[in-house]
There are 2 protein chains.
Amino acid sequence: MKLLEDKIRCDGQVIGTDILKVDMFLNHQIDVNLLDEMGKEFFRLFKDKGINKILTVEASGIAIAVMAAKYFNVPVVFAKKSSHKNVGDDVFKAQSHSFTHGKDYEMIVSKKYLSENDNILFIDDFLAGGNAAFAVLDILKQSGANLQGIGIAIEKGFQNGGKKLREMGISVESLAIVDSMNEVDGIVFRN
Amino acid sequence: MKLLEDKIRCDGQVIGTDILKVDMFLNHQIDVNLLDEMGKEFFRLFKDKGINKILTVEASGIAIAVMAAKYFNVPVVFAKKSSHKNVGDDVFKAQSHSFTHGKDYEMIVSKKYLSENDNILFIDDFLAGGNAAFAVLDILKQSGANLQGIGIAIEKGFQNGGKKLREMGISVESLAIVDSMNEVDGIVFRN
């Protein structure tokens, strides 16, 4: 998606060869017009999949998921990352690890909001090693819900999460795939 | 806002006299059409205040803020609740306490995204004792940004956060104000 790639080039910040900061427009400050275009693009990519619910993970995934959900006209469910008092015990759980936060966490979704009747689009801001996505797969398996696709804003194509998920036959669509990056040469996107 | 009050009556769950669970449509599963109407209503209430940025707090505030921001055509900034590796050190910080999580936390906003040129609408899902709002006031004071108003989805009118903020002269608009609630009699909304 050219609009997103241009935004990443202009306002993204590459640190070393692994960290891409997009907090100017995606995960601290949010450009809602860009977000709206991303939601529209996810709808174009997945509109024929019978999606009845969009699943994401707090916190950065929520904004993108909600914008996309407007086009699909379906509810969003966001997985929580720790034990909230108000969630209750009746939950699906999976372990994951956040490299951003440098720690393990428990991903939680209430059993009320996922069932075998659901056709799920999982949306997230980043896909790198795939830790969050694999925790989501675990939760979907527990619930019996059907994963119809994964929509990612920015995939780090030089890590293997996307490759592993596609090899499992999952439809993964990333709006921008970074094949390599460094502070001197900038970012190379996959065609 | 009648639509929200009706939704709270139908799908909200009162536990004791203090906990109102709205995870069916607001803070775990999200009804995006309701959210869109809420965003529209915040725009109606604050459209003449010269808002150029909407501030919220992760995670539950993000969805509402983003929907409202579409109507205002301004960016959203969401305060983070813990030290993220990728935020950097150049941040405004304030201490707060989450009753939902039962713990203190540090609220953080990068200095890049708040300045004295900003006219801020702060949006959040709940207002009760006002802990999050007072931490936001602290951060806004550090940044020099101007608070033009506070938009809340659900205010617990039987706690004193809203009262204290209004006594400070702040324009606080809550789409639904719960004056009392219990499991037997249900919810009484303020007119």
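If you're wondering where the values come from, they're calculated on a predicted model, not measured in any experiment.

**Student:** In this structure, what is going on with the overall build of chain A? I would like to understand it.
**Tutor:** In terms of helices and strands, chain A carries five helices and eleven strands. Scaling as 2.2 N^0.38, a compact globule of 191 residues should have a C-alpha radius of gyration of about 16 Å, and chain A matches this with 16 Å. Summarising its shape, the C-alpha atoms of chain A cover approximately 50 × 35 × 35 Å along the three principal directions. Relative to its 191 residues, chain A shows a buried fraction of 53%. Put simply, of all contacts in chain A between residues at least 6 apart along the chain, 63% involve residues at least 24 apart. Approximately 8,000 Å² of chain A is accessible, and the part contributed by carbon and sulfur atoms is 46%. Separation of charge centres in chain A, based on 23 positive and 26 negative side chains, amounts to 3 Å.

**Student:** Help me out: how do you make sense of the relation of the copies chain B and chain A in this one?
**Tutor:** Two copies of one chain are present, and they are related through a rotation about an axis combined with an axial shift. Each copy superposes on the other: chain B lies on chain A with an RMSD of 0.0 Å after a rotation of 180° and an axial shift of 0.0 Å. Taken together, the rotation angle and the small translation identify this as a two-fold axis. Within chain B, the C-alpha atom positioned nearest to the axis of rotation is that of B:Ala59, 2.5 Å from it. The fraction of interface residues of chain B whose copies in chain A are also interface residues reaches 100%, indicating that both copies meet through the same surface.

**Student:** What is the right way to look at the sheet that holds strand 10 (residues 172-182) of chain B in this model?
**Tutor:** Pairing between the strands of a sheet is mediated by backbone hydrogen bonds and can be parallel or antiparallel. Spatial strand order, 3(A)-5(B)-4(B)-8(B)-9(B)-10(B)-11(B): seven strands in an open sheet with mixed pairing. The open sheet is flanked by strand 3 (29-30) of chain A together with strand 11 (186-189) of chain B, the only strands paired with a single partner. Where strand 8 (residues 119-127) of chain B and strand 9 (residues 146-156) of chain B come together, eight bridges link them in parallel fashion. Within the sheet, the bridge partner assigned to B:Asp124 lies in strand 9 of chain B and is B:Ile152.

**Student:** Can you help me understand the confidence of the model for chain A in this one?
**Tutor:** The predicted coordinates of low-pLDDT regions are not to be read in fine detail. For chain A, per-residue confidence averages 95 on the pLDDT scale, and 97% of positions sit at 70 or higher. Model confidence for the complex is summarised by a pTM of 0.95, with the ipTM given as 0.93.

**Student:** Before we go on, may I ask you to explain the pairing of strand 10 (residues 172-182) of chain A in this structure?
**Tutor:** Residues and elements named next belong to chain A. Here strand 9 (residues 146-156) pairs with strand 10 via six bridges, running parallel. Opposite Ile-152, over in strand 10, you have Ser-174 as the bridge partner. When strand 10 meets strand 11 (residues 186-189), the two strands line up antiparallel, connected through four bridges. Bridge pairing links Met-181 to Ile-187 in strand 11. Taking the residues that link successive antiparallel strands as the turn, the strand 10-strand 11 hairpin has three residues.

**Student:** Please clarify how the packing of helix 2 (residues 32-46) of chain B against helix 3 (residues 60-72) of chain B should be interpreted in this entry.
**Tutor:** When two helices pack together, their arrangement is given by the angle between the helix axes and the distance between those axes. Residue and element names in this part refer to chain B. Contact geometry for helix 2 and helix 3: axes closest at 8 Å, N-to-C directions at 55°. Considering the angle they form, helix 2 stands oblique to helix 3. Note that helix 2 runs across helix 3; the crossing there is right-handed. Only Ala-63, Ile-64, Met-67, Ala-68, Tyr-71 and Phe-72 of helix 3 make contact with helix 2, whose side of the interface consists of Val-32, Leu-35, Asp-36, Met-38, Gly-39, Lys-40, Phe-42, Phe-43 and Phe-46. Considering only residue class, the contact of helix 2 with helix 3 consists of twelve nonpolar, one polar and two charged.

Calculation notes
Residues numbered from 1 in each chain as written. Chains lettered and ligands numbered in written order. Predicted model: local features only at pLDDT ≥ 70, side-chain atom pairs only at ≥ 80, totals over all residues. Heavy atoms only, no water. Helix = DSSP H or I, 4+ residues; strand = E, 2+ residues; numbered from the N terminus. Rg over C-alpha atoms; globule rule 2.2 N^0.38 Å. Buried < 20%, exposed > 50% of the residue type's maximum accessible area, 1.4 Å probe, protein only. Contact = heavy atoms within 4.5 Å. Areas by Shrake-Rupley, 256 points an atom, 1.4 Å probe, with all protein chains shown as cover. Lys, Arg positive; Asp, Glu negative; His and termini not counted. Charge placed at Lys NZ, Arg CZ, Asp CG, Glu CD. Least-squares fit on C-alpha atoms with pLDDT ≥ 70 in both. Pairing = 2+ DSSP bridges. pLDDT = per-residue confidence, 0-100. Axes fitted to C-alpha atoms, helices over the stretch in contact; angles between N-to-C directions. Parallel < 35°, antiparallel > 145°, perpendicular 65-115°, else oblique. Left-handed = near helix turned anticlockwise from the far one by under 90°. Nonpolar A, V, L, I, M, F, W, Y, C, P; charged D, E, K, R; others polar.

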